[in-house]
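Understanding the architecture of this molecule
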Amino acid sequence: MTERSMNHAADHFDTVVCGGGPVGLSMAFLLGRAGLRVAMFEKRPTTTTLPKGQYLHASTGEFFRQWGVWDLLHDAGWETEDANGQGFYVNVANGPVAAIRAIEGTHEEYVKKWEAYSPVFPRKVPASDYEAAIRRRAEAWPNASLHFNARVTDVEQRDDDVRLTVEDMQSHTVKEVTARYVVACDGAHSFIRSRLGRGQDHGPTFGNQVLVEFRADLDDTLGRDGFFHSFVLNPRYAGWFGSKHPESGLWRYSFRHDEETPPVHEVVLERIRGALGMPGLPVEIFQTYRFDYSTGLLRHWRERNVLFAGDAAHWHSPWGGFGMNSGIQDANNLAWKLELVLKGKAGDSLLDTYEQERKSKARITVKSATYNSLHYQAIAEAARVGEGELFAQGKISAEAQLFLSQRAVPHGDNAVLHTGYQLGTLYRSQAVISNDEVPPVPGLVEYVETTVPGVRAPHAWLQDAKGRRSSTVDLWGRRFVLIGHDIQAHWMAAAENAARAMKIELPVINVAKNGTYRPLDAKFEMLYETRHGDVILVRPDGFVAAKLRAADLESATGQLQEALQSILGVTVRSASPMAEALA
Amino acid sequence: MTHKLSSFFGDIVQPDQLLERPNDQRLFIDVRLGEPADEFKDYRDCHILGAVHAQIRDVFAAQPTPYSGNLPLPELAVLEQQLRAWGVHDGTEVILYGPSMALAARGWWVLRWAGLTNVKVLDGGLKAWINQGGPVAQGETHRIPTAASGRLGLHAGNMPQILVDEVEQLGTDTLVLDARDENSYLAGSIPRARHMPAAEQWTPAGQLRTVSEIEDLYGSAGVKAGGDIVVYCGGGVLSALTVLTLNALGHKPRLYVGSWSEWNKNPDRMARSAAERMPA
């Protein structure tokens, strides 16, 4: 090997991930786990320290559980009771005038309720904690290299790969790397997108937001009330408080400020005390940030060998906590497709299903986040009308209270939790084999459990051979899985045939009284065996690829192989020795 | 769409006409004149996909001198350097737009004056483009510069203009149109100028009014077929829009680029302005 080609090999990757936020880190983890040579470049010196992105959906928690990240977060984040829903105040000292609770009852009751839907539950965890945890798992793969202080300054599509220029932000040295594929996870202001993107559609901008981190003794007021967000109606102090950070002990106060520079210290102090209705309270201001939230959707998520994920493809206001969650779903959808294409087991067209599947969800996401922003503004604005005199006394009329509680009702617990959004995703593409079942209508609020092809393969509790309780969700991630209740023997052989022909792994999980896994309740059978003899093909990302039914080995092999060929976009010769002899 | 100027004048174009005819040799220029940092931020927040940012003071004007108007014409060499940095060559279709039609028109006039022929103003600008489903982008646009061998060959004088000395000599057979707003006009104007505010030619949504509406505006300002017309404003921006629409209607106006900001630098001219007001 010449020196030149050795250099080339050292700087050539299967995939380069641009951006090291939650999406880029997840991408690096997943591609690392797949054994691919992956490099991640992030311009910041380390994972985030910003107070943002705290809402961890159950759907994201399920991946974290598969990745060993959930365990690392065991002691992180807010206690359930300290981060519960949204409250409305005239000022904090006078107590809430309306509330939307995400959770009724204790933490134990909350976890119990979620156990029906998921082995995990939605939580509030600071981005700094989960980013560090994903990073730790990603860095464990020797074939994955994560580079911080590394800024991508140029990108060029070539015939078979992508060339990138990367600048080390500390030494200011520049190097070139090449990659078969690039995944742009570089955020709402994506550099890669500005170079290669072919157009966007924009929505409203929520500009001039100021966020202040401060220390004050509020444990007996805001802390006792336990809302995650507390909205202040008094127009002089309009804004919201965020709950106390579980580690730093800092509170957050955010408001709109239409000036270039943040307000001076005295003004911020007066504003915080005014919103609290506690004029003499000692308040120590730590940090003041300024944000603008714009809204947009990228039109084309793939430019030849470059794919866009997370905020680089869809960006919006933070209300609803969709950003990080939908971005990590993007990564989980894309990673297995890249893996199979790079390993030569799938055709390039499989990568096109990424945009088809995830852009549909992103359209829902940008609309919902925009609605959430405008809708809380609308409730607060409407409640304020006609209350001027009363604000001065720190209260509102009975009519205003009634108005607020009536507006809050249709946005009750599930509206804050977005259970339907979290678990009710439905994909339609070549990588899903539809049948004649009608899927439930995807909604933000309600989640309907089903195994119709294209949905997240639902959670059911199982017991493994060693008697440990596990979830169906724990079975997904690294490969396709054929799963069913009391599976007939011909499916075992058919899976072996198909795996051999497609050169992929395809374990069969037989959930039965005497199987490798035993159902812990009736739910598995009910969901996974809608008709006797059905088996379900689950994709590596945990989504139902196909529901199959066959009476004998030949038919089972044929169906399975046809489904896999269609999903992977490849044609292989029949595994049958007879057919091979005739060919 | 026969009620639109763009239906019979190729230098004004509708968003759907562009979207129906993709052209990889098309360059959008987002033309601005406000506070440079604010304008650049606004451009970065949202612009037509592929558009470059042009501050009039930097691209479509030269630095003013103590005797010139606010926005004198740019040096050709400087303009050419900028166009080459954007990858413009003789096959490029240039589309100008901006927060107002007048800003785009200034860019159009300067590029036509410098000898480019395929130059158009987008009717309604960014808003009309978005409403027609046109793609937009955030951030900055990266363009590959024109090769040294690429032809551009700018040469001045391809649009009729009139310089201040000649404006001073104008007789009564020339119609002088002042394109500024009413307050500016009332505060002082070139002798015998008729007031014809350019801003009346576009709707609150920023699109050009219909052919008949614009014809009526010119009719009541005394514009006649074949007549000699000179247009000015404060610094050659609003008046460029007037020149654009007059051209579309078949007139051959001359632009006084120096405009009021040049005229008012000379006490003798100002004395004439005070003495020779057009009767209201």
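Above this text you will find the structure in question.
Residues numbered from 1 in each chain as written. Chains lettered and ligands numbered in written order. Predicted model: local features only at pLDDT ≥ 70, side-chain atom pairs only at ≥ 80, totals over all residues. Heavy atoms only, no water.

Now for the overall build of chain B. Looking only at helices and strands, one finds 12 helices and 11 strands in chain B. In summary, chain B has a C-alpha radius of gyration of 19 Å against a globular reference of 19 Å for 280 residues, a match within 12%. A fraction of 71% describes how many contacts in chain B between residues 6 or more apart in sequence connect residues 24 or more apart. Working note: accessible area of chain B is about 12200 Å², and carbon and sulfur atoms make up 52% of it. The averaged location of the 32 negative side-chain charges in chain B is 1 Å from the averaged location of its 25 positive side-chain charges. (Helix = DSSP H or I, 4+ residues; strand = E, 2+ residues; numbered from the N terminus. Rg over C-alpha atoms; globule rule 2.2 N^0.38 Å. Contact = heavy atoms within 4.5 Å. Areas by Shrake-Rupley, 256 points an atom, 1.4 Å probe, with all protein chains shown as cover. Lys, Arg positive; Asp, Glu negative; His and termini not counted. Charge placed at Lys NZ, Arg CZ, Asp CG, Glu CD.)

Attention shifts here to the interface of chain B and chain A. Frequently, the measure chosen for interface size is the accessible area that the parts lose on association. Each partner contributes residues to the interface: chain B has 12 residues there, and chain A has 15 residues. Together chain B and chain A conceal approximately 1000 Å² of surface at their shared face, both sides included; 45% is due to carbon and sulfur atoms. Three residues stand out in chain B for area buried against chain A, namely Val 136, Gln 138 and His 142 of chain B, and they jointly supply 50% of the buried area on that side. Applying the counting rule to chain B against chain A returns zero salt bridges. At the boundary of chain B and chain A, one finds seven residue pairs in polar contact (both at pLDDT 80 or more). Of all the secondary structure elements, the ones that give two or more residues to the side of chain B that touches chain A are helix H2 (36-45) and strand E7 (136-137) of chain B. Counted by class, the side of chain B that touches chain A contains five nonpolar, four polar and three charged residues. (Buried area = accessible area lost by both parts, 1.4 Å probe. Salt bridge = Lys/Arg side-chain N within 4 Å of Asp/Glu carboxyl O. Polar contact = N/O pair within 3.5 Å; in protein donor to acceptor, adjacent residues only side chain to side chain. Nonpolar A, V, L, I, M, F, W, Y, C, P; charged D, E, K, R; others polar.)

Residue and element names in this part refer to chain B. The two faces of strand E6 (residues 119-122) match: Val 119 and Val 121 on one face and Lys 120 and Leu 122 on the other face are all buried. Bridge count between strand E5 (residues 93-97) and E6: three bridges; the pairing is parallel. Paired with Ile 95 across the bridge in E6 is Lys 120. For the segment spanning E5, helix H5 (residues 101-113) and E6, crossover handedness is right-handed. (Buried < 20%, exposed > 50% of the residue type's maximum accessible area, 1.4 Å probe, protein only. Pairing = 2+ DSSP bridges. Right-handed = clockwise from strand over helix to strand, strands pointing away.)

Now for the packing of helix H10 (residues 323-342) of chain A against helix H11 (residues 349-384) of chain A. Residue and element names in this part refer to chain A. Relative to each other, H10 and H11 sit at 175°, their axes nearing to 9 Å. Taken as axis vectors, H10 and H11 run roughly antiparallel relative to one another. Contact residues: Ser 326, Gln 329, Asp 330, Asn 333, Leu 334, Trp 336, Lys 337, Leu 338 and Val 341 in H10; Leu 350, Leu 351, Thr 353, Tyr 354, Glu 357, Arg 358 and Thr 365 in H11. Among the residues making up the contact of H10 with H11, the classes are represented as seven nonpolar, five polar and four charged. (Axes fitted to C-alpha atoms, helices over the stretch in contact; angles between N-to-C directions. Parallel < 35°, antiparallel > 145°, perpendicular 65-115°, else oblique.)

Right, let's get into the pairing of strand E4 (residues 52-55) of chain B. All names here are of chain B. A two-sided burial pattern is seen for E4, the buried positions comprising Val 52 and Ala 54 on one face and His 53 and Gln 55 on the other. In this sheet, E4 lies alongside strand E2 (residues 26-32) in parallel orientation, the contact comprising four bridges. Counted as the bridge partner of Val 31 is Ala 54 from E4.

Let us look at the side chain of Ser 230 of chain A. With respect to the helices, strands and loops of the structure, Ser 230 of chain A is situated in strand E12 (residues 229-232). Contact partners of Ser 230 of chain A, with chain neighbours within four places excluded, come to Gly 87, Tyr 89, Leu 222, Gly 239, Trp 240 and Phe 241 of chain A.

The next subject is the packing of H11 of chain A against helix H13 (residues 398-408) of chain A. To describe two helices that pack against each other, one gives the angle between their axes and the distance between the axes. All names here are of chain A. Running from N to C, H11 and H13 cross one another at 160°; their axes reach a closest spacing of 9 Å. In this view, H11 runs roughly antiparallel relative to H13, as classed from their interaxial angle. In this structure, the crossing between H11 and H13 has a hand that is right-handed. On the side of H11, the interface is formed by Ile 379, Ala 382 and Ala 383, while H13 contributes Ala 400, Phe 403, Leu 404 and Arg 407. For the contact of H11 with H13, the per-class residue count stands at six nonpolar, no polar and one charged. (Left-handed = near helix turned anticlockwise from the far one by under 90°.)

Right, let's get into the pattern of salt bridges. Residue and element names in this part refer to chain A. The final tally for this structure, using the stated rule, is 47 salt bridges over all chains. For Glu 167, the salt bridge identified is with Arg 151, shortest N-O distance 2.8 Å. Linking Glu 167 in strand E9 (residues 162-168) with Arg 151 in strand E8 (residues 150-157), this pair joins segments that are 16 residues apart in sequence. You can call Glu 167 buried: its relative accessible area is 12%. Overall, the relative accessible area of 35% leaves Arg 151 in the partly exposed class. Linking Arg 299 and Asp 201 is a salt bridge whose minimum nitrogen-to-oxygen distance equals 2.8 Å.

Looking now at the sheet that holds strand E9 (residues 194-195) of chain B. Residues and elements named next belong to chain B. In space, the four strands of this open sheet follow the order E9-E8-E10-E11, with parallel pairing throughout. In the strand order of this sheet, the two ends are held by E9 and strand E11 (254-255), each with one partner. Helix H10 (residues 238-248) contacts strand E8 (174-178), strand E10 (228-232) and E11 of the sheet and is inclined by roughly 150° relative to E10.

All names here are of chain A. Following the criterion strictly, the structure yields six cavities of 30 Å³ or more and no others. The space that makes up the largest cavity amounts to roughly 130 Å³. What lines the largest cavity is a set of 15 residues, and nearest its centre among them are Gly 424, Thr 425, Pro 440, Tyr 447 and Val 448. Of the residues belonging to the lining of the largest cavity, the class tally is eight nonpolar, five polar and two charged. Size it by volume and the second largest cavity reaches roughly 90 Å³. Around the second largest cavity, the lining comprises 14 residues; the ones closest to its centre are Glu 62, Phe 63, Arg 456, Asp 541 and Gly 542. Ranked by the residues each element gives to the lining of the second largest cavity, the list is headed by helix H3 (residues 58-67), at four residues. Partitioned by chemical class, the residues of the lining of the second largest cavity number five nonpolar, six polar and three charged. (1 Å grid on protein atoms, 1.4 Å probe; cavity = no way out; pocket = protein on both sides within 12 Å on 5 of 7 lines; lining within 4 Å. Points joined across faces, edges and corners; volume = space filled by probe spheres on them.)

This part is about the sheet that holds strand E22 (residues 508-511) of chain A. Residues and elements named next belong to chain A. One open sheet accounts for four strands, arranged E22-E21-E24-E25; its pairing is mixed. Looking at strand neighbours, the two that pair on one side only are E22 and strand E25 (544-548), the edges of this open sheet. The sheet shows a mean angle of 20° between the axes of neighbouring strands, direction not considered. Here three bridges tie strand E21 (residues 481-485) to strand E24 (residues 535-538), and the two strands are oriented antiparallel to one another.

It is worth spelling out helix H6 (residues 127-139) of chain A at this point. All names here are of chain A. Between its terminal C-alpha atoms H6 stretches 18 Å, which fits the 18 Å expected from 13 residues at 1.5 Å a residue. Every buried residue belonging to H6 is among Ala 127, Asp 129, Tyr 130, Glu 131, Ala 133, Ile 134 and Ala 138, and all of these are buried. Where H6 is buried, its residues touch helix H2 (22-33), H3, helix H4 (69-72), strand E7 (144-147) and H10. (Expected span 1.5 Å × (residues − 1).)

A few words now on the packing of aromatic side chains. Residue and element names in this part refer to chain A. This model, assessed by the stated rule, comprises 30 aromatic pairs over all chains. Here Tyr 89 and Phe 227 contribute two aromatic rings whose centre-to-centre distance is 6.1 Å and whose plane-to-plane angle is 85°, an arrangement assigned as edge-to-face. Separated by 138 residues along the polypeptide, Tyr 89 in strand E4 (residues 86-89) and Phe 227 in the loop between helix H8 (222-225) and E12 bring together distant segments of the chain. Among the residues examined, Phe 227 registers a relative accessible area of 3% and is labelled buried. An angle of 55° between the planes, with centres 5.7 Å apart, marks the rings of Trp 301 and Tyr 354 as tilted. (Phe/Tyr/Trp six-rings, centres within 6.5 Å; stacked < 30°, edge-to-face > 60°.)

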